[in-house]
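A closer look at the structure
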Amino acid sequence: MFKERGMYRHLMAAILSFIMIFSGFSFLAFAAEDSGTVFEAINLGTRKTITFENQKSRFYKVTIPKKGLYRIDYYSDYHNSYNDDFWVGVYKTQSDAENMNNIINCSYGIYNSDTPETDYDIYSLNAGTYYLHVQSFSSKYPDFGIRVKAATDDDLYELYTDNSYYAGVKDAYLGVGYYDSAKDKSYDGKLTSVTSSNTSVVSVSKLSAYDEKGKKIKIFRLNYKKAGTAKLTVKYTRPNGKKATITKTLVIKKYPNMIKSLKVNGKTVKISKNKLRYTVKAFKNTSAAIKMATKNGWRITEATIDYYGKTYKYKELKKSVVTKGSKISIPKKYDHAIVYIYMYDKNDNRIVYEIDFFR
């Protein structure tokens, strides 16, 4: 998940370039028109309110005093995620900013993109002046805002959860950490306490498990009980031993009733009692069959299977395997297998259905 997010800003630049070309603009014309563009200075640590009025682009510059990690906050009340209506590119020169060339990619991806908190990116920058190209691609030209400041360890760590925020999800994963793409290394915190501000919406379960060294540990899981909002407060210990606290606000949606029918090994599954997960116990065969049909504009986009035993294996399945009910191999050497079925609707809402096989 963290590896993929680092590519997002570069992809956005490519998409915007494509849009401009097919809208009748060219980069040469754009550069000529804005060759005298004034880049307004913004102070490090100060929030800058941006009003677009009749302009699609605004230009700024910020001076970075020393090499390090820097956080750019994005303020937008128009939509939850600023990427719905705005785009910010960071460049080393004025010319690059005007022409949208040689963009500097963010180091860790967009934080808080799926929560009501302020979205932000983290960049690894050297000392010097950087130039920002800020665009609005909403026809309403709403106000926007940015702030650049030095980043801390608290900015790097984030809560990651099972992103299917729908009522009915049980035992949703909860963890804390971050991925450093430069080092290709993950930093995971050890959870010590998790509380929910609204347990009627999100409740917390504390379980015991064993880590890869056979040591007994505490793990926490989330249960999404009904539509609504709940704030999680999580205490954890970082790999360096430092104790910290992080919060995240979850917005739980109403269960979408996306499944028309489901059969597992020829048996019809009652969806009302198995909304997002179905479990097969005492499984003895070496193959299984799953056949699912969706409704209400939902479609199956992919399916995967994880095998657990003395060894672990991951495999991607063709989506036709679960739409046509083809056999899925589950060798006896694996005592547990999980099939994940990924679905999207026409509004790009995502949900995952899980089917467990236990021997």
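Here we summarise the structure given alongside this text. (Residues numbered from 1 in each chain as written. Predicted model: local features only at pLDDT ≥ 70, side-chain atom pairs only at ≥ 80, totals over all residues. Heavy atoms only, no water.)

Okay, the sheet that holds strand β19 (residues 277–280) next. Neighbouring strands of a sheet are bound in pairs by backbone hydrogen bonds; such pairs are parallel or else antiparallel. As summarised here, the arrangement of the 5 strands in space is β19-β25-β24-β21-β22, forming an open sheet in which the pairing is mixed. Each edge of the open sheet carries a strand with a single partner, namely β19 and β22 (312–317). On average, each strand axis in the sheet is inclined to that of its neighbour by 15°, with strand direction left out of account. Pairing of β19 with strand β25 (residues 350–358) involves 4 bridges; the strand directions are parallel. Opposite Arg 277, over in β25, you have Glu 354 as the bridge partner. (Pairing = 2+ DSSP bridges. Helix = DSSP H or I, 4+ residues; strand = E, 2+ residues; numbered from the N terminus. Axes fitted to C-alpha atoms, helices over the stretch in contact; angles between N-to-C directions.)

Taken in spatial order, the 3 strands line up as β12-β15-β16 in an open sheet, and their pairing is antiparallel. Edge positions in the sheet fall to β12 (190–196) and β16 (243–252), since each of these pairs with one other strand and no more. Across the sheet, the mean angle separating the axes of adjacent strands is 20° when strand polarity is ignored. Relative to strand β15 (residues 228–237), β12 runs antiparallel, the two being bridged by 6 bridges. By the bridge assignment, Ser 193 is partnered in β15 with Lys 235.

Within the secondary structure, His 336 is located in strand β24 (residues 334–344). Ignoring sequence-local partners within four residues, the contact set of His 336 consists of Asp 306, Tyr 307, Tyr 308, Asp 356, Phe 357 and Phe 358. (Contact = heavy atoms within 4.5 Å.)

The next thing to look at is the nonpolar core. Counting 65 residues, the largest nonpolar core has Leu 262, Tyr 353, Ile 355 and Phe 357 as its most contacted members. Excluding residues within four positions of it along the chain, Phe 357 makes contact with Val 264, Asn 265, Val 280, Phe 283, Ala 288, Ile 290, Ile 330, Asp 335, His 336, Ala 337 and Val 339. Counting 22 residues, the second-largest nonpolar core is a separate cluster that includes Ile 42, Ile 64, Val 90 and Phe 144. (Core = buried A, V, L, I, M, F, W, Y, C linked by side-chain atoms within 4.5 Å. Buried < 20%, exposed > 50% of the residue type's maximum accessible area, 1.4 Å probe, protein only.)

Once that is clear, we can look at the environment of Lys 92. By secondary structure assignment, the location of Lys 92 is in the loop between β5 (86–91) and α4 (94–99). Considered as a pair, Lys 92 and Tyr 131 are 39 residues apart in the sequence and their alpha carbons are 6.1 Å apart. Residue contacts for Lys 92: discarding those within four places in its chain leaves Ile 104, Thr 129, Tyr 130 and Tyr 131.

This next bit is on a nonpolar patch on the surface. Together, Tyr 308, Tyr 312 and Tyr 314 give the surface a local cluster of nonpolar side chains, amounting to about 320 Å² of exposed area. Relative to the elements of secondary structure, Tyr 314 occurs in strand β22. (Patch = residues over 30% accessible without salt bridge, like charges linked within 9 Å, V, L, I, M, F, W, Y side chains within 5 Å. Areas by Shrake-Rupley, 256 points an atom, 1.4 Å probe, with all protein chains shown as cover. Salt bridge = Lys/Arg side-chain N within 4 Å of Asp/Glu carboxyl O.)

Counted by the stated rule, this structure contains 8 salt bridges. The partner of Arg 71 in a salt bridge is Asp 73, with the nearest N and O atoms 2.5 Å apart. Salt-bridge contacts for Asp 154 lead to Arg 238; the nearest nitrogen and oxygen are separated by 2.4 Å. You can see Asp 154 sitting in helix α5 (residues 153–156) and its partner Arg 238 sitting in the loop between β15 and β16, a full 84 residues away along the chain.

Attention shifts here to the pairing of strand β20 (residues 287–294). By the bridge criterion, 5 bridges tie strand β17 (residues 259–264) to β20 in an arrangement that is antiparallel. If you follow Val 264 over to β20, its bridge partner there is Ile 290. With 3 bridges connecting them, β20 and strand β23 (residues 327–329) associate as antiparallel partners. Bridge pairing in β23 links Ala 288 to Ile 328.

So, about the environment of Cys 106. Structurally, Cys 106 is set in the loop between α4 and β6 (119–125). Considered as a pair, Cys 106 and Val 90 are 16 residues apart in the sequence and their alpha carbons are 8.6 Å apart.

Let's shift gears to unusual backbone geometry. Even without glycine at this site, Met 100 takes up a positive phi of about 60°. When you line up the elements, Met 100 lands in the loop between α4 and β6. The buried category is assigned to Met 100, whose relative accessible area is 8%. A positive phi angle is found at Asn 265, which is not glycine, with a value near 55°. Among the structural elements, Asn 265 can be located in the loop between β17 and β18 (267–268).

With that settled, the discussion passes to empty space enclosed by the protein. For the structure on display, the rule yields 1 cavity of 30 Å³ or more. What the largest cavity holds in volume is close to 50 Å³. Around the largest cavity, the lining residues are Val 62, Ile 64, Ile 72, Val 90, Tyr 123, Leu 125, Tyr 130, Leu 132 and Val 148. Those elements giving two or more residues to the lining of the largest cavity turn out to be β3 (57–64), β6 and β7 (128–136). Its residues assigned to classes, the lining of the largest cavity shows 9 nonpolar, no polar and no charged. (1 Å grid on protein atoms, 1.4 Å probe; cavity = no way out; pocket = protein on both sides within 12 Å on 5 of 7 lines; lining within 4 Å. Points joined across faces, edges and corners; volume = space filled by probe spheres on them. Nonpolar A, V, L, I, M, F, W, Y, C, P; charged D, E, K, R; others polar.)

This brings us to a positive patch on the surface. Together, Lys 190, Lys 206, Lys 215 and Lys 218 make up a region of like positive charge exposed at the surface. Among the structural elements, Lys 218 can be located in strand β14 (residues 216–224). (Lys, Arg positive; Asp, Glu negative; His and termini not counted. Charge placed at Lys NZ, Arg CZ, Asp CG, Glu CD.)

Just geometry here; none of it tells us what the structure is for.
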